[in-house]
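If you want the building blocks of each chain, they are given just below.
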Amino acid sequence: MHGLVARTLQCFVQDTYGQDRWRSIADAARLDLPEFEAMLDYEAQLIGLVLTRAETELGKPRAAMLEDIGTYLMTHPNNERLRRLMRYGGEDFIDFLHSLEELPGRARLAVPDLDLPPLELTEATPRSFTLVCRCSGPTSRGYSRVLAGVVRAMADDYGALILLELASGPDEEEVIEITVVETAYTKGRAFELGAHGAGRP
């Protein structure tokens, strides 16, 4: 598993719950070193073990924790550059949803060996969408939970009101059903797409 994924898990725990909680998780998982390196590869079983220890230490089910990680990626001040990058997906939340199919390719441009599951968005009605995560193997399982956290956080960022439902699809597919109740429910966070508007928190 790519070290960037492992490092994200570590930073989520440290930034959200504190260094001491991460140390407890690392000790329980018997990590040789308590710090993950973003550019190294790690065994999927090791990351799974860390997630299991985090569930116990934080008292939170894995599904909820994975969704919290997605929210963390879009909302924590340490990740502002990532949030700004995601906002370039479009001027409103609907545009952002349509840009999600490009996410795995954009991620590979930034990190060539980072392999995210392919995404497919279908639009049943102008306000109803199905986002399919084509997972393959245990290393990508649960990706839809992280993505759901990202989508919820970005809806807030755009000021949209949405409803989400997660389900399992055929084979190893994971499905997110998205209903956009209102595209301009609140003001949202300030952001400009112009040359001088790389984004403002």
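This text gives an overview of the structure that appears in the document. (Residues numbered from 1 in each chain as written. Predicted model: local features only at pLDDT ≥ 70, side-chain atom pairs only at ≥ 80, totals over all residues. Heavy atoms only, no water.)

Turning to the pattern of salt bridges, a few remarks are in order. One pass over the structure, following the stated rule, counts 14 salt bridges. Glu80 is the partner of Arg83 in a salt bridge, and the nearest nitrogen-oxygen pair spans 2.9 Å. Note that Arg83 and Glu80 are positioned in helix H5 (residues 80–87) at a spacing of 3 residues, about one turn of the helix. Comparing Arg83 with Glu80 shows no difference in burial state: the two are buried. As a salt-bridge pair, Arg134 and Glu120 come within 2.3 Å of each other at their nearest N and O atoms. On the criterion of sequence distance, the pair formed by Arg134 in strand S2 (residues 128–134) and Glu120 in strand S1 (residues 119–125) is long-range, its members being 14 residues apart. With relative accessibility at 31%, the residue Arg134 sits in the partly exposed group. Salt bridges sharing partners connect three or more residues here, namely Glu80, Arg83, Arg84, Arg87, Asp157 and Arg189. (Salt bridge = Lys/Arg side-chain N within 4 Å of Asp/Glu carboxyl O. Helix = DSSP H or I, 4+ residues; strand = E, 2+ residues; numbered from the N terminus. Buried < 20%, exposed > 50% of the residue type's maximum accessible area, 1.4 Å probe, protein only.)

On to the sheet that holds S1, then. Across the sheet, which stays open at both edges, the 4 strands sit in the order S1-S2-S4-S3 with antiparallel pairing between neighbours. Here the strands that pair on one side only, and so sit at the sheet edges, are S1 and strand S3 (161–168). For this sheet, the mean inter-axis angle between neighbouring strands, taken without regard to orientation, is 20 degrees. In the sheet, S3 pairs with strand S4 (residues 173–182) via 8 bridges, with the strands oriented antiparallel. Across the sheet, residue Ala167 finds its bridge partner in S4, namely Val175. The strands that helix H8 (residues 143–158) touches are S1, S2, S3 and S4; relative to S3, the one it contacts most, it runs at about 175 degrees. (Pairing = 2+ DSSP bridges. Axes fitted to C-alpha atoms, helices over the stretch in contact; angles between N-to-C directions. Contact = heavy atoms within 4.5 Å.)

In short, shape yes, function no, at least from these values alone.
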